[in-house]
Amino acid sequence: MLDWLKNINKDYPEFWKDYLTKFETKPNKFVVISAETSGLNPDKDVILSLGAFSVIDDSIVIKENFETVLLQYKYLQDNGLSNEFIIESKMMKMPEPDALEALVNFIGNSILVGHHINFDVEILNAALERLDCGRLKNEALDVDMMYRKLTDINDKQFSLDDLCEIYKIPKSDRNSSSEDAYRIGLLFLKLKSRLGIK
């Protein structure tokens, strides 16, 4: 029996069961994702905001986007951090469970793309675990690793700003997950064509 089929019989939330069925078909798009977090420990830190765009046929589809601030008041309060970012942000705000469900519905079976994507996937998996879901099943591509493969550099990691500078992608004044996701998307399109990824 297929693994995903066994998992559907578990007592998962409905949206997760629906997500698992999407892997019966091959992905037809990439989704570029960026998560702003309270720190770098998936077990202790939380997601503060998420931004994502679809990439279809070598184009970033602006109208197919996802952007939200997660309402993490309790975490911030417990750790003595300011809620100013949440209060002042004009972006849509959602409690963590709603934001995760909306993101999972948005990404479906697509191939995820990010900058140091393994961290984003791990912190999303930690949050999904709190909702009694499984781990994300999507394939993932990392623009830093793609660049290092292209240039045959194995002993150095590149920041998003480093890579954007190399490829002359302008930095925005607006610092947000969506802005980062868009810049990652532009990088991905440049690297994808150079690496011959279809």
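To keep things clear, this report deals only with the structure shown in the data block.

Calculation rules
Along each chain, the written sequence defines residue order, and numbers are assigned to residues from 1. Given that the model is predicted, a residue must reach a pLDDT of at least 70 before its local features are reported, and side-chain atom pairs must reach 80 or more before they are shown or counted; all residues, however, enter totals for whole chains, interfaces and linings. With hydrogens and water stripped out, all remaining heavy atoms of the structure feed into the side-chain values. Numbering goes from the N terminus for both helices and strands, where a helix is a DSSP run of H or I of at least four residues and a strand is a run of E of at least two. Note on exposure labels: buried denotes an accessible area under 20% of the residue type's maximum, exposed denotes more than 50%, and partly exposed covers the range between, all computed with a 1.4 Å probe on protein chains only. Between two residues, a contact is recorded if the distance between any of their heavy atoms is within 4.5 Å. Note on areas: Shrake-Rupley with a 1.4 Å probe; residue coverage comes only from the protein chains shown. A pair of strands counts as paired when DSSP detects no fewer than two bridges linking them. Pairs were defined over the aromatic rings of Phe, Tyr and Trp, the Trp ring being its six-membered one, requiring ring centres within 6.5 Å. Orientation was assigned from the angle between planes: stacked under 30 degrees, edge-to-face over 60, tilted for the rest. Only Lys NZ and Arg CZ are tested; either one counts as a charge over a ring when it is within 6 Å of the ring centre and within 35 degrees of the ring normal. Here the axes come from fitting lines to C-alpha atoms, over the contacting stretch only for helices, and the angles between their N-to-C directions go from 0 to 180 degrees.

What about the overall build of the protein?
Logical step 1: Assigned secondary structure in the protein consists of nine helices and six strands.
Logical step 2: Looking at the protein as a whole, 49% of its 198 residues are labelled buried.
Logical step 3: Considering only residue pairs separated by 6 or more positions, the protein has 65% of its internal contacts joining residues 24 or more positions apart.
Logical step 4: Accessible surface, the protein as shown: approximately 10900 Å² in total, 49% of it carbon and sulfur.

A short note on the pairing of strand 1 (residues 30–37)
Logical step 1: Extensive coverage of strand 1 is indicated by the burial of seven of its eight residues.
Logical step 2: Bridge count between strand 1 and strand 2 (residues 47–56): eight bridges; the pairing is antiparallel. Across the sheet, I33 pairs through a bridge with A52, a residue of strand 2.
Logical step 3: Sheet analysis places strand 1 next to strand 5 (residues 111–114), joined by three bridges and oriented parallel. Of the residues in strand 5, the one forming a bridge with V32 is V113.

Side note on the packing of aromatic side chains
The description of an aromatic ring pair uses the distance of the two centres, along with the angle that the planes make with each other.
Logical step 1: All chains considered together, the criterion is met by nine aromatic pairs.
Logical step 2: Relative to Y167, the ring of Y147 lies with its centre 6.0 Å away and its plane at 85°, an arrangement referred to as edge-to-face. Of this pair, Y147 sits in helix 7 (residues 143–151) while Y167 sits in the loop between helix 8 (160–166) and helix 9 (177–195), and the two are 20 residues apart along the sequence. For the pair formed by Y147 and Y167, the shared burial category is buried.
Logical step 3: Within the aromatic cluster, the residues linked to one another by ring pairs are Y12, F15, W16, Y19 and F23.
Logical step 4: For K29, the ring lying beneath its charged end belongs to F106, and the centroid distance is 5.3 Å.

Details of the sheet that holds strand 2
Logical step 1: If you walk across this open sheet you meet the six strands as 4-3-2-1-5-6, and the pairing is mixed. Edge positions in the sheet fall to strand 4 (93–95) and strand 6 (140–142), since each has one partner strand and no second. Strand-to-strand, the axes of this sheet are offset by a mean angle of 30°, without reference to chain direction.
Logical step 2: Here three bridges tie strand 3 (residues 59–71) to strand 4, and the two strands are oriented parallel to one another. Of the residues in strand 4, the one forming a bridge with L71 is P95.
Logical step 3: Across the face of the sheet, helix 6 (residues 117–129) comes into contact with strand 1, strand 2, strand 5 and strand 6 while running at roughly 75° to strand 1.
Logical step 4: Packed onto the sheet, helix 7 meets strand 5 and strand 6 and runs at close to 60° relative to strand 6.

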